[in-house]
Amino acid sequence: MSNTTLLASALATGLAASFLTAPSYGQNLTTELVAQGFSRPLAMSQPVGDDTRFFVAEGHTGRIEIIDRTNNNAVLTTPFIDIGVVSTGNEQGLTGLAFHPEYMTVGHAKEGHFYVCYNASGSGQTRVVEYQALGGDSTSNVASPTAVGTILTVTQPASNHNGGDLQFGPDGKLYVSLGDGGGGNDTYGNGQNKNTILGAIARLDVDIPFPHTPPDNPYVGVAGHDQIWMWGLRNPWRFTFDSLNGDIWIGDVGQNAREEVSYAPGTSTGGENFGWPCREGGISSNPGQCANGPFVEPVRSITQSAGGHFSVIGGYVYRGSIPGLYGTYFHADHYSSSIWTSTLNGAGTALENIVDRESELDPVNGLISQITTFNEDNDKELYIVEAGGQIWKIVEDCTEAATNYCALSPNSFSNGAQIGFSGSLDLTDDNFNLTVLGATPNEFGFFIFGEGQGQFLLGDGTFCVNGAQIFRILPPVATDFIGYAIQPIDLVSPGSGSGPIMPGTTYNWQFWYRDPTGPGGTGFNFSNGLTTNSCP
């Protein structure tokens, strides 16, 4: 049986599903400018429990600035702290900032304590240093310039591939990303040397004495560096944890062929070897250095291209308030400014539904460029930080609209059935009806919809709805003596087993109907198409 026959049979006999749902990749997005004027911002963070401030680390000034969220996101005139002169290499500077999980807990031993990662001027040495808000007061907008202590010191053989991100994991431990030490093709042989902390994600416990090594790290008491959590990385510039389940996501900058996104589940006990320099992305590289293994393959391997993708920026799994985005992973490229959304497949081995959202998130092309990092606030909303000094919030873009598409298909009664709507596209009104006029009189049909458009000759007309899934609305409706029918659609609670329509999601509708004496002799036809976008 042909695909045409199968589709016609499914539509005619009612085998299609009958509920509304919204694909994540159908969610329309845009950005809002939060603040600007920063000097090469490389990191942004917010203490747990403090919704009034953002803290932004400037890469080459050594300053941390405060955005006052209670005052229209104004940037305070006095920096939170100036840690002094830092290395100003292209991949160096003040690269990481993280607040202790108990930063806002009054009376806790770690109240007001935060951590920075920077490259020291002159030596380029990576240092993770602990500081404290002035007087230990977590509400203070000024920090003490005197360090509480040095958590980690790592000698860097070169000024590139230094990593430098800081994140507290769901276990309360501080994780630090460190590149392979620089050069090209792992010049210094660190990628597959688990006795060095270079080319790895380190895991530290800042609540125990120096050297802050958790006893359950994978190489404690066995061969390997005690502070390694996972290794075989080239330049893990940015990594994050999924706030829902603790999964770790790593954007590992590639050499000359591939960028990669690496992943490990929140249930991991550490020790993953991601394969650099034996593997670059999903391909073999430097096979002479590949004695270790087995290697954990990336969930995405991005081919580098001239004028295109050259430096992946790892992002976050979205857990905020936009329903159609929930569970999607954001990541970007520093040079091309592509910003992707994606979802992890069921096996946890590959990203799928990968969509470049740059045209939505950067509608004025080039306004957002040289992305350095993403940030997640306490409400799990996401922000884009770019080297030019601007910070943008990712928000839904919702404009109510309804537009017809596809040509009319003549039937036995008229020049074609015209689909339309009555009522309101505003979800809060809950008053939306699909209509059709000019279909075959005194027959029956049903409305169908999907997330995409198409033009596929079928029956006596054109099938104009497309997508991974196509649904119909039950019950069928009867046309009157002028071929008119109306179907109320509950966009808020559309039916058993379904979820509500997602604001900002575009739907494409069409009407299938019987036409026993139609011009093509197939017995059925379609209206033209209708695209609608509903908003809260």
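Nothing here was measured: the structure is a model prediction, and the numbers come from that model.

Reading guide: rules and limits
Residues numbered from 1 in each chain as written. Predicted model: local features only at pLDDT ≥ 70, side-chain atom pairs only at ≥ 80, totals over all residues. Heavy atoms only, no water. Pairing = 2+ DSSP bridges. Helix = DSSP H or I, 4+ residues; strand = E, 2+ residues; numbered from the N terminus. Axes fitted to C-alpha atoms, helices over the stretch in contact; angles between N-to-C directions. Disulfide = S-S within 2.5 Å. Buried < 20%, exposed > 50% of the residue type's maximum accessible area, 1.4 Å probe, protein only. Salt bridge = Lys/Arg side-chain N within 4 Å of Asp/Glu carboxyl O. Contact = heavy atoms within 4.5 Å. Polar contact = N/O pair within 3.5 Å; in protein donor to acceptor, adjacent residues only side chain to side chain. pLDDT = per-residue confidence, 0-100. Patch = residues over 30% accessible without salt bridge, like charges linked within 9 Å, V, L, I, M, F, W, Y side chains within 5 Å. Areas by Shrake-Rupley, 256 points an atom, 1.4 Å probe, with all protein chains shown as cover.

This part covers the sheet that holds strand β34 (residues 485-489). By way of backbone hydrogen bonds, the strands of a sheet pair with one another, either parallel or antiparallel. Judged by pairing direction, the sheet is antiparallel, and its three strands sit side by side in the order β29-β30-β34 without closing on themselves. Looking at which strands have only one partner, the edges of the open sheet turn out to be β29 (418-423) and β34. The mean inter-strand angle of the sheet, taken between neighbouring strand axes irrespective of direction, is 25 degrees. Two strands pair when backbone bridges link them, and β29 and strand β30 (residues 432-437) are joined in this way by six bridges, in the antiparallel orientation. Across the sheet, the residue bridging to G423 is F432, located in β30.

Applying the stated criterion across every chain, the model contains one disulfide. Here C406 engages in a disulfide with C464; their sulfurs sit 2.0 Å apart. Looking along the S-S bond of the C406-C464 disulfide, the torsion reads about -105 degrees, which is the left-handed sense. Residue C406 is located in the loop between β28 (401-405) and β29, and its partner C464 is located in strand β32 (residues 461-472); the two are separated by 58 residues in the primary sequence. Just as C406 is buried, C464 falls in that class too.

Among the six residues of strand β7 (residues 94-99), six are classified as buried, and the element is accordingly described as predominantly covered. Of the strand pairs in this sheet, β7 and strand β8 (residues 113-119) are connected by five bridges, and their pairing is antiparallel. Each residue of the ladder has a partner; that of L94, found in β8, is Y118.

Below, the discussion takes up the pattern of salt bridges. Across all of its chains, the model carries twelve salt bridges by this definition. Residue R63 is joined to E58 by a salt bridge in which the shortest nitrogen-to-oxygen separation is 3.1 Å. Here E58 falls in the buried class, since its relative accessible area comes to 2%. Salt-bridge contacts for R279 lead to E297; the nearest nitrogen and oxygen are separated by 3.0 Å.

Let us now look at the environment of D82. Position of D82 relative to the elements: it lies in strand β6 (residues 81-82). Take D82: its relative accessible area is 44%, and that puts it in the partly exposed class. With near-sequence residues (within four places) excluded, D82 lies in contact with T61, G62 and R63. Among the polar contacts made by the side chain of D82, one reaches the main-chain amide nitrogen of G84 at a distance of 3.0 Å.

Turning to the confidence of the model for the protein chain, a few remarks are in order. Looking at the protein chain as a whole, the pLDDT averages 90, with 92% of positions reaching at least 70. Scored below 50 in pLDDT, residues 1-25 shows 57 contacts in the model against residues more than four places distant or in partner chains. Note on residues 495-499: pLDDT is under 50 here. Beyond four places in sequence and across chains, it has four contacts.

Attention shifts here to a nonpolar patch on the surface. A cluster of nonpolar side chains, F413, L437, F481, I482, Y484 and I486, forms an exposed patch at the surface whose accessible area comes to about 570 Å². Mapped onto the fold, F481 is located in the loop between β33 (477-478) and β34.

What follows is about unusual backbone geometry. Note the cis peptide between W276 and P277, where omega equals 5 degrees. As for its position among the elements, P277 is in the loop between β17 (258-264) and β18 (279-280). A cis geometry characterises the amide bond from L474 onward to P475, with omega recorded as 0 degrees. At R40, a residue that is not glycine, the phi angle is positive and equals roughly 45 degrees. The topology assignment puts R40 in the loop between β1 (29-35) and β2 (41-45). Judged by relative accessible area, R40 falls into the partly exposed class, the value being 24%. Backbone geometry places H161, a non-glycine residue, at a positive phi of 60 degrees. Along the chain, the position of H161 falls in the loop between β10 (149-154) and β11 (166-168). On the basis of relative accessible area, H161 is assigned to the buried category, the value being 2%.

Further remarks concern the sheet that holds β8. Ordered by their spatial adjacency, four strands build an open sheet running β7-β8-β9-β10, and the pairing between neighbours is antiparallel. Edge strands, defined here as strands with exactly one partner in the open sheet, are β7 and β10. The average undirected angle you get between the axes of adjacent strands in this sheet is 15 degrees. Sheet topology places β8 next to strand β9 (residues 126-132); seven bridges connect them, and they run antiparallel. By the bridge assignment, H113 is partnered in β9 with Q132.

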